[in-house]
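Close look at the chain arrangement
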Amino acid sequence: MAFKNYLQLSFFFISFILFSQNNLFTSSNIPESLSDGANAVVRLDETRIDLLKIDEMLVSERRIITILNKSGDDNLNAYVHYDNNVKIKNLEATIYNKFGAVIKKIKEKNFKDVSAVDGATLYSDSRVKYLDYTPSAYPYTVEFICEISTGNTAFIPSFMPINERYVSVEESNYSITYPKDIQIRKKEKYLEGLELEKKEELGLISYFVKNLEAYKPEDYCPNLLEIAPRVLIASKQFSLEGVQAEVEDWNGFGKWMYNDLLFDTLDLPESTVDYVRNLVKDDMSDIEKAKKIYEYVQNKVRYISVQVGIGGWKPFKASKVDELGYGDCKGLTNYTMALLKAVGVKSNYCVIYAGNSQRSMEQDFALMQGNHVILSIPTNEEPVWLECTSQDVPFGFIGDFTDDRDVLVVTPEGGEIKHTKKYKTEENTQFLKGNYTINPEGSINVDVNIISKGIQYDDKYRLESQSARDLDVYYKDRWDYLNTISIDKIEIDNNKSDVSFAEQIGFYVPNYTKKAGNIMLLTVNALNRNINIPDKYKDRKYPIKVKRGFIDEDEVKITLPENYKVEALPEKIEIENKFGSYRAEFILEDENVIYKRKLVINDGVFPKEDYDDFRNFRIDISKSDNAKIALVKNTTKN
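Residues numbered from 1 in each chain as written. Predicted model: local features only at pLDDT ≥ 70, side-chain atom pairs only at ≥ 80, totals over all residues. Heavy atoms only, no water.

**Overview of the packing of helix α5 (residues 286-300) against helix α7 (residues 329-342)**
Closest axis-to-axis distance for the α5/α7 pair is 10 Å, and the angle between their directions is 140°. Relative to α7, α5 is oriented oblique. Handedness of the crossing formed by α5 with α7: right-handed. Where α5 abuts α7, its residues Ala290, Ile293, Tyr296, Val297 and Lys300 lie against Tyr335, Thr336, Leu339 and Leu340. Here the contact of α5 with α7 is built from residues that sort into seven nonpolar, one polar and one charged. (Axes fitted to C-alpha atoms, helices over the stretch in contact; angles between N-to-C directions. Helix = DSSP H or I, 4+ residues; strand = E, 2+ residues; numbered from the N terminus. Parallel < 35°, antiparallel > 145°, perpendicular 65-115°, else oblique. Left-handed = near helix turned anticlockwise from the far one by under 90°. Contact = heavy atoms within 4.5 Å. Nonpolar A, V, L, I, M, F, W, Y, C, P; charged D, E, K, R; others polar.)

**Some words on the pattern of salt bridges**
Within the structure shown, the criterion is met by 41 salt bridges. Between Asp113 and Arg127 there is a salt bridge, with the nearest N and O atoms lying 3.1 Å from each other. In this pair, Asp113 sits in strand β6 (residues 112-115) while Arg127 sits in strand β8 (residues 127-130), placing the two residues 14 residues apart along the sequence. Residue class for Asp113 comes out partly exposed when judged on its relative accessible area of 34%. By relative accessible area, Arg127 is classed as partly exposed at 30%. Measuring nitrogen to oxygen at the nearest pair gives 2.7 Å for the salt bridge that ties Lys187 to Glu362. Residue Lys187 is located in strand β11 (residues 184-189), and its partner Glu362 is located in the loop between β20 (348-352) and β21 (372-377); the two are separated by 175 residues in the primary sequence. Salt bridges here are not isolated pairs; linked through shared partners, they connect Lys187, Lys189, Arg230, Glu362 and Asp364. (Salt bridge = Lys/Arg side-chain N within 4 Å of Asp/Glu carboxyl O. Buried < 20%, exposed > 50% of the residue type's maximum accessible area, 1.4 Å probe, protein only.)

**Looking at the nonpolar core**
Phe253, Trp256, Trp479, Phe507 and Ile558 are the most contacted members of the largest nonpolar core, which has 114 residues in total. Among the elements that make up this core, the one with the highest residue count is α7 (eight residues). Excluding anything up to four places from it in sequence, Ile558 contacts Tyr436, Ile438, Leu522, Val524, Asn592, Val593 and Tyr595. Counting residues in each nonpolar core, the second largest holds 48 residues, with Ile65, Leu91, Ile148 and Val167 among its members. (Core = buried A, V, L, I, M, F, W, Y, C linked by side-chain atoms within 4.5 Å.)

**Structural notes on unusual backbone geometry**
The omega torsion across Tyr138 and Pro139 is -10°, close enough to zero to call that bond cis. Of note in this structure, Tyr220 is not a glycine but carries a positive phi near 55°. Relative to the helices and strands, Tyr220 is located in the loop between β13 (204-212) and β14 (230-235). The exposure class assigned to Tyr220 is partly exposed, which follows from its relative accessible area of 23%.

**Considerations on the sheet that holds strand β24 (residues 414-419)**
Strand pairing within a sheet occurs via backbone hydrogen bonds; the two strands may be parallel or antiparallel. Strand order in the open sheet formed by five strands is β22-β21-β20-β23-β24, with antiparallel pairing between adjacent strands. Edge strands, defined here as strands with exactly one partner in the open sheet, are β22 (384-386) and β24. The average angle at which neighbouring strand axes cross in this sheet is 35°, direction not considered. Pairing of β21 with β22 involves three bridges; the strand directions are antiparallel. By the bridge assignment for β22, Ile377 is matched with Val384. Each of β20, β23 (406-411) and β24 is contacted by helix α3 (residues 250-262), which is oriented at about 55° to β23, the strand it contacts most. Contacts from α7 reach β20 and β21, with the element oriented near 20° to β21. (Pairing = 2+ DSSP bridges.)

Dropping the structure here:
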């Protein structure tokens, strides 16, 4: 009887497990809280990492995801990267319809197999296999199973259940097993308030989380990495392409990088050493020497990516870059460092996360991070940061690609975290001085001069290399609130010494004003109108983040048409608060209108409770920028 009960109980549990698994393939049982605002729902994400030894690791993943609509197709993520040191052991997928019935089974041989890099890469052994599936109906569900083995243990996948926008998670679990003679380090971030279970014992770490609602970005909110739950995992002992290391902090990490990846790459032919020493023989300061060397590099070499084996992290030798005339960010940075060393200028190789997001390296957790390399020159004040892949960026200017973030500075003595230059609000300026003439029929002829600096310079200096056709398109887009603009003058000047960008633009706009009898209605601000109003949210979830502040200052002379006069000028407008300030002034001068405007936007992070005030500030700016005055025609006969 007991045996019979055991069989019944076993059958019950097996049936329950099968029923639960089948439920993951149907879309009708997704909780409303998870489908609300989501393009896809991860029903189950299982990641298992088996760190077998210092140079052997297995990574297994099973992921079941329901795609709710066409936008969710981009969240399928059924792919795997591989190269000479990452081998695919298993790869398959199954497609289910909304009722959980199998539509299609896909084996590894049916996955698309392509290079994992773009045309800017000279050579790479990195490839990717991905599922290429076109659905006939929504929703549908995909079960993706993948297992890889690798000798690279420097990159242990993190636990990050939410890693995309508009994707919710029903269940996610992660585990790593490891030998007792290997030390695993971890760093938990943003796990508060989750339905979370975790287990930690010698040789095993695991996490389980469920019911994570989709991340729905809001205007001026932090990026996903700043708020999404994750656990970083690193091994104290690891291997990278056969090079073994043992590090647990940034100092040790920097020593390893310098000694094992950089030390033997700083060679240069004597002819090049003699040439650059002669190039700077008359220069007095290290910075003047560095500027000459930087310009020499910009004129001699070009950027092209090389990612093969440890070349993904170890730069080409400087002598090779010197010979070939090209290199990737590592090679060009290392080459510049070698040239500076040859003329007695100290510089440091820096690993960084590049991109507009301003992502920082983890200050207190050393592991393989970053996607780019730049150079820094230490000085008695702030370091000089050099972007070595660009042939046109000014010396010492890095822009929004690498500004205001923590980076790893690698020195012979070890590594340390430093912060790149932050371009302050008062440095990010645009000064506009212009005039426009209103013609009797309501059109305007415009002539405007604009000087931009700081991050505003960064937005524009690449215009120098654009064709006349592309510039015409750019300026029409820039003033897209003006109807049928016709540009007749474009003169630009990229002053690299002053790091400023000058624009002189002339254009014609027909029917700019609105006429009704003897009245002409004029929107005063024709040249720098702020039309961006942040969205309204019933329940704001995230704080306000303004990444970069700026200042716009305008002065425009408006010549009125003959026989017209201003009926009344608007009052002077002044607004000032924590988010910035705004001032607009309308002055009548010799039958002309002088329009003065100054907008200051402060960078910073503000609590979500301030969002309505922030939005109202932007609305007030937009309203003022659209302020109109009435011009009245004098019909009196002499």
